[in-house]
Amino acid sequence: MPRYSTRGGGGGESDGMKFPPGVKDVSTTMNRTELSRAFKKCCRCFSDLDQGNETIMSEYKEFVEYIVQDEFLEMKDNNCCVFLGCLITDIFRVYAPNNPFQSMDKIKEIFKFVTAQLSLLKDPKDPSYHKAHHILSNLATLKCYNICLELDGDSSSEIFVDLYRTLLSTVNSGHDKNLKDKMLEVMTFVLTDSTCTPKSLIDLILESLLEKSQRMNPSAFELSKELLRRTATVIEQPIMAYFQKIAIANHPVNEKMLNNWDKLIPILYHIAPGLLLNTLPQFELKLKVDNSKERLQTVRLFSGMFSGKDSDLAVQYSKLWNSFLGRFNDIEAEVRSACVNFYWSLLANHGCESKLSKETLPYFKQRRHDTDENVRLSVVCAIRGLAINNIKLVSDDLLACLKDRVKDKKWKVREGAIRAMADIYKKYVTVDDCHRPDVRRIHPFRNSLLHVYYHHNCDDALLLERILISSLVPYKLPVQHRMKLLLELYVTVDEHALKAIGEIIKNQRRMKMALIDVVKSFDIKDDKERGEVIWQKSLAVASLIPGSTQVVRENVKKFVRIAYQDARIKQLLTYIVSEDYTCKKIETAIRDILKKLDGEASKQVKHVSQQILERAVILPIIIDTEALKGLFELVKESLDSVSDVDELNGEEAQKRAIGLLRLLSQLAPHLFNAQECYEDLLGFIRRQNDNIVDESLLIFQKTAQIVESKYPKIRSVLLPELKMKAKTGTSKQAKRAVYCIAEMTSISETALLSIYDYCKTEIQSKDCNMEKLQTSLTAVGCISEVLPAKVSRTMRSLVAAVIVKEVIMKTTMTNPILTSPNKSKKNTSYWCDKKAIGKESKAKIAAFKCMVRWLQGMKKNEANVVCSTLRLLEHVLHNNGDLMKTGNIPKTDMSHLRLQSAICILKIAQVPNYRDLFLPVHYQELAMLVNDPEMEVRRIFVNRLYTSLVCLQINISFLSLFAMVSQETNKTQRNRGTVLYQQLVKRFRDFNKEKGIGSTSPSNFTPEYMLPYLIYLLADDPDFQDGISKRSLARIKDCVQFALEPLLVKTHPESFGFIKRLAENVKRTKNSEEPDSVQRNENIYAVCDLVCLYVIQRSAQFAVGVIEPDDRYVARFIPSKLFTIPSGPENDKYYLPREFYLNLKKQIPTPPPPAPALPTTTPTKKQAQKKTQQIRKLPPVTVSSPPVSTMASNKKQQVATSGSRAPKSSSSRASPKKKMNNSSKQPTEEINSSLLTPPNSESTKESDKEQQEERMSPAPTPTRTSGRKRKLPRRLAHSPSPNRTTTTTASSASSSPSKRSKQSRVVMTSPKSGKKSSTNEEEEDSMGDERSGAASSSGSSDEDSAPLSSLVGRPSTSEESQSSTRQSRRKQQQQKQPSRTVTTGKKKTTTTTTTTTRNKQKKKQTTLRNGTRSSLRKR
């Protein structure tokens, strides 16, 4: 079809205007009906005319010009307008390809008028629809709008914009395809034939592509999309220029497009990628702009484009792709988070094996440890979305990322990770038909989720409890499937997760018991009493909610009030805490209670109530009696190794499976209410596996009362089995069998007495083997605990005559297992598994336990048996586990023996009637065990000590033992001990806080009350045997700081003044055992000074004022068995070296520095007195050296010497150790006396007399030390062991300097290497043993007797101190020499003994002793 031109038609001129046939006149003055009829006839006429007829064109030339006058184009009648539009389009057809209108000024108005008539296409039911369709057909066929291209730019743009707006607003779903094609033709011609595309036209097209426009008119969106596809090559450049202005250059444009341009790019790329061929590369600059919002907008734009399904944009625009990957490290967190979300969609659409996914993975992994929590949370959400979609898309590394984020420091990230792991686990593990390899990949989630229970945040614990019953073991699953998941969970998790499950069930039981108390309090008749009881019980419930505060307590109180007032809630609550329930009804009851609370309580009250109910029904909602039957079937399959789940087969799985039943019997025995369960348990008892039998007996023990009351047939079958296990089973089986029989009260006494008689006979029999002896001892001990009144008389004689003498004190082993390690190897352990202990040692351990159980059942100290038992256990500890010092017990067995002795002492301490019988020596021995050489001994004992304290079973004084943990050299054990100690302090604080509400009496479990025991324990520390020095105070200071650090915190300011005042009051007391011992009292005062200094230091650190309480309040916490009553004025004397006060000049005046000592001059008497007032000397240490004969006789006997007890003065107390060692002291005293008097040395009597006078000078009493070596910290390893005394003979005090220095180096350690200088370990042990008996020997070590000024001022060596001492002695002897006379009868002879002669005699005497030591070294 030829196009129109702008030239006029070539018709001839006529004198008058010719109208179409039948039309006389056409005028606006005509009636609308007539005018409409006239237009209709004109349309019919022109539609019948042929195109291109010159005659006709010339005839109607004036009519054509007349019909487009303004009066016609401005008509308001729609019918007339549409006929005129049809007439105009027909005129265009007739005059084609020429322009029928001569005036170009009219073209714009004509086309605007014609375009307006196209809006009548909107409603197909409109009468004018067909006429408008005729107009559109003519426009599309003739391409009439090409005439507008000759107009100026603004006019043509206005016409085209008006056309596009009309068509896009008119098109709808009621139009057929033919009509839409006509519209597309008209719109396409405009774009393809025009030289430039107006910006406003592009706005119209792009606006129709927006999401809002898509929803309002989908047909317009489809029309625009098809238009862009047809004109992609033409409109590509205009679109590029458009986005350059709107997106890159930020020119002011349409606000709607400015905010949505990033949404158009993906749509255009999806419509036709060629539209953005030159536009997308320019957006690389947009990724690097300074404005973070623009970068975020651009990153989100390309995230969808790069990750789109089958998108190859990254391949086409590699530079843009690399720039996009760089935004993973953007400085803005929102940009990084958007990049993380992109990886999720990329992996979902392209898979993990695509090139783009592999390139993006390293960038994604870096965001796992992003500094912003929102980015880390986005990583978690991305991994969760991928795993939920397809677990195969997620690598093991990404799954491990979830486990890491569970430990995140931010709660929001932790919560997201926990929920993500739970959702993934629930989808794949709880489905039966899931692929097993995929399930195994998720198994580690179990441990990670359950480890959350150890987090300090309370929200973590609450979330885990909710996840346990919703995801790990979903309560909505069928019973058999639910029990299978529960068993599989319990069997496959690690030990820490296993403990977490136990703690969850224990907390559930505590909450349930607290609710039972609340429900019972509802029945109290008296209103006042009921209100008080309900308030106390409500506080107990609130205390079980993690993070309990005053607001929580008030909300709990409101919930309890609502439950009391609402009968329905009370009924449902009673059912929840009952023992007869079903899981389905529990679920319904919880739902009904929460619905009732919606209208009666606030959101906070409902939230707290939901926490209470969720914790109380953790176990009831997943297991009931019927479910337990199914669990027993699964356990039997596991024990028979026929389970269809591989993880449930195997020895370890069997232990876990029976352990789950044991846990349920301990915490929910009411579940065992079916005869089938007990029949299965009877079968378990008859099995050969000892572990299964042991656990089954324990289950029977916990459920024995139910068996006795409801199942007499089961009891009649069970009783013979229990008797047999008590007599012939293992020791563990015997114990549990006896306890199980004791629970059956109707038959217990007769059955237990028969077992007692049998076992007693076996113990007294000489033919009883060790295994049977262990069983009999265990059974007898357990029976004496449960039936103390019946067997106490016979038990006392049995213990004294057989158990102690024949089992504990007797050692028949002659060839112990060689366990001594190579001395060159480090970290050699004398420890073994309990099963590897010798049979005789196992019998001794069983005897210890038997005695303790007897005392626990007796509960009173008859005939002083408790003190005797404590003394026996103390001796076992003192002798390293070898009570009789036979040397025949293997060291591995000795480790177990001393550990068991300590545990027995703790068991005795749990009896309230025995707590006053404990002496300081018991604490000292237990403190030595905290630093035992064996790592396992230390670990197990600290754990047992923690358990006893945290359960409030023993006195608070035992908390002081944890101070020795500060000297632990193993980092793991030290950290473990620190955590346990801090948990204990928190436990006591919380206990006192709970008890303080509504209570007037103070609690006995206040951690500050252990301070007197701590002071006494540290004052008697072996490090103090050398006196007060920096070396001896180093460890003591660490212990003090370790013990006080958790107590002196900002949240408890009252502790500062109490601790300080308590220590100051202790300084006004004396040691109750040896009040006259100056050295022991000064040691106590020195520890008190350390305590006070640390209190001041912590108070300054936290800016806490030290408010000291009244002395009357403090003094009552000083135990009389440790210290005397505080008396006298304040003890303002300082007992620490000057360095300890340098940093506290403002709080405490610094002691004056000591006067410098002159080693070459002898101080005068006044100077010596002044120096004594300023500086206190270290106590001298007495030494002795045994003769060769004695050492040779004891060569084969190896005795531990480290830390042996120092001798006591005549005023010292008579301790049990002293009585025990009397037999070993006698030969030593004889040796010492022989050494004090050398034979045939009359010329040396005067010299010996001087030395004896010097020895008679008063010296502080050495402290009482333990007989075992304390494990020293590494920082003190270079110095001599503080509990190992350096010994020399009495006469060596007068030996020459060189020989004295050689003698003093016999047992000294090198300051640099820490190794022995000139003796082997065997010689050192022998000398150390003889040291314990050298109570009367004199001569002090020069190094130990050096004044304190050597530690404060210039450091002086031992040689300088020895030199000054020797020179002062020589001058004193020279001054006394002329005046010495000897009177014999009548004659008075003045005898002058020259210095040379005396030195020769001393040299001879020293040579004799050195010869003895030399022979000792050779041997």
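The text that follows walks through the structure, step by step, so that each part is easy to find.

**Focus on the overall build of the protein chain**
Phase 1: For the protein chain, the helix and strand inventory stands at 64 helices and two strands.
Phase 2: Across the 1419 residues that make up the protein chain, the buried fraction comes to 52%.
Phase 3: Here the analysis covers contacts within the protein chain between residues at least 6 apart in sequence; of these, 75% occur between residues at least 24 apart.
Phase 4: With an accessible surface of roughly 65,500 Å², the protein chain has 50% of that area assigned to carbon and sulfur atoms.

**Re the packing of aromatic side chains**
Phase 1: Overall, the coordinates contain 36 aromatic pairs when judged by the stated rule.
Phase 2: Each ring, one from Phe324 and one from Phe342, has its centre 4.8 Å from the other, and the planes form 85 degrees; the classification is edge-to-face. A residue pair is termed long-range when its members are at least 10 positions apart, and Phe324 in helix 18 (residues 318-326) and Phe342 in helix 19 (residues 333-350) qualify at 18 residues.
Phase 3: On the numbers, 6.4 Å between centres and 15 degrees between planes, the contact of Phe632 with Phe684 is stacked. Placement of the pair is Phe632 in helix 34 (residues 625-639) and Phe684 in helix 36 (residues 675-685), with a sequence separation of 52 residues.
Phase 4: Site record: aromatic cluster; members linked through ring pairs are Phe19, Phe39, Phe46, Phe63, Tyr66 and Phe72.
Phase 5: Note that Lys143 overlies the ring of Phe189, its terminal NZ or CZ placed 4.1 Å from the centroid.
Phase 6: Over the face of the ring belonging to Trp535 we find Lys557, whose NZ or CZ atom lies 4.7 Å from the ring centre.

**Quick notes on the pattern of salt bridges**
Phase 1: Across all of its chains, the model carries 65 salt bridges by this definition.
Phase 2: Its salt-bridge partner being Glu211, residue Arg215 comes within 3.6 Å of it at the nearest N-O pair. Here the residue Arg215 and the residue Glu211 both occupy positions in helix 11 (residues 211-216), the gap between them amounting to four residues, near one helical turn. The pair formed by Arg215 and Glu211 is uniform in burial state, with each residue classed as exposed.

**Comments concerning helix 1 (residues 32-48)**
Within an α-helix, residues lying three or four positions from one another point in the same direction, as the helix has 3.6 residues per turn.
Phase 1: Taking 1.5 Å per residue as the helical rise, helix 1 with its 17 residues ought to reach 24 Å, and the 24 Å between its terminal C-alpha atoms agrees with that figure.
Phase 2: Among all positions of helix 1, only Leu35, Ser36, Ala38, Phe39, Cys42, Cys43, Cys45 and Phe46 are buried.
Phase 3: In the core, the buried residues of helix 1 are packed alongside helix 3 (61-67), helix 4 (70-73) and helix 5 (78-95).

**A closer look at the side chain of Ser337**
Phase 1: Note on placement: Ser337 falls in helix 19.
Phase 2: Taking relative accessible area as the criterion, Ser337 reaches 13% and is therefore assigned buried.
Phase 3: In this view, Ser337 contacts Asn374, Val375 and Ser378; residues no more than four positions away in its chain are not counted.

**Focus: the packing of helix 28 (residues 495-521) against helix 33 (residues 603-616)**
Phase 1: Across the interface, helix 28 lies against helix 33 with an axial gap of 8 Å and an inter-helix angle of 115 degrees. The residues of helix 33 that touch helix 28, namely those facing Asn507, Gln508, Met511, Lys512 and Leu515, are Ile612, Arg615 and Ala616.
Phase 2: When its residues are assigned to classes, the contact of helix 28 with helix 33 shows four nonpolar, two polar and two charged.

**So, the packing of helix 50 (residues 1011-1019) against helix 52 (residues 1054-1066)**
When two helices pack together, their arrangement is given by the angle between the helix axes and by the axis-to-axis distance.
Phase 1: For the pair helix 50 and helix 52, the least separation of the axes is 10 Å and the interaxial angle reads 50 degrees. In terms of orientation, helix 50 and helix 52 fall into the oblique class. By crossing handedness, the relation of helix 50 to helix 52 is classed as right-handed. Residues Leu1011, Pro1012 and Ile1015 of helix 50 pack against Ile1059, Leu1062, Ala1063 and Val1066 of helix 52.

**Remarks on the side chain of Asn931**
Phase 1: Structurally, Asn931 is set in the loop between helix 47 (920-930) and helix 48 (935-950).
Phase 2: By relative accessible area, which is 1% here, Asn931 ends up buried.
Phase 3: Reaching out from Asn931, the side chain makes a polar contact with the backbone oxygen of Met964 at a distance of 2.9 Å.

**Concerning the environment of Phe221**
Phase 1: For Phe221, the location among the structural elements is in helix 12 (residues 218-230).
Phase 2: Judged by relative accessible area, which is 11%, Phe221 ranks as buried.
Phase 3: Sequence spacing of Phe221 and Leu209 is 12 residues, and the spatial spacing of their C-alpha atoms is 5.4 Å.
Phase 4: Not counting residues up to four positions away in its chain, the partners in contact with Phe221 are Ser208, Leu209, Gln214 and Ile267.

The rules behind the values
Residues numbered from 1 in each chain as written. Predicted model: local features only at pLDDT ≥ 70, side-chain atom pairs only at ≥ 80, totals over all residues. Heavy atoms only, no water. Helix = DSSP H or I, 4+ residues; strand = E, 2+ residues; numbered from the N terminus. Buried < 20%, exposed > 50% of the residue type's maximum accessible area, 1.4 Å probe, protein only. Contact = heavy atoms within 4.5 Å. Areas by Shrake-Rupley, 256 points an atom, 1.4 Å probe, with all protein chains shown as cover. Phe/Tyr/Trp six-rings, centres within 6.5 Å; stacked < 30°, edge-to-face > 60°. Lys NZ or Arg CZ within 6 Å of the ring centre and 35° of its normal. Salt bridge = Lys/Arg side-chain N within 4 Å of Asp/Glu carboxyl O. Expected span 1.5 Å × (residues − 1). Axes fitted to C-alpha atoms, helices over the stretch in contact; angles between N-to-C directions. Nonpolar A, V, L, I, M, F, W, Y, C, P; charged D, E, K, R; others polar. Parallel < 35°, antiparallel > 145°, perpendicular 65-115°, else oblique. Left-handed = near helix turned anticlockwise from the far one by under 90°. Polar contact = N/O pair within 3.5 Å; in protein donor to acceptor, adjacent residues only side chain to side chain.

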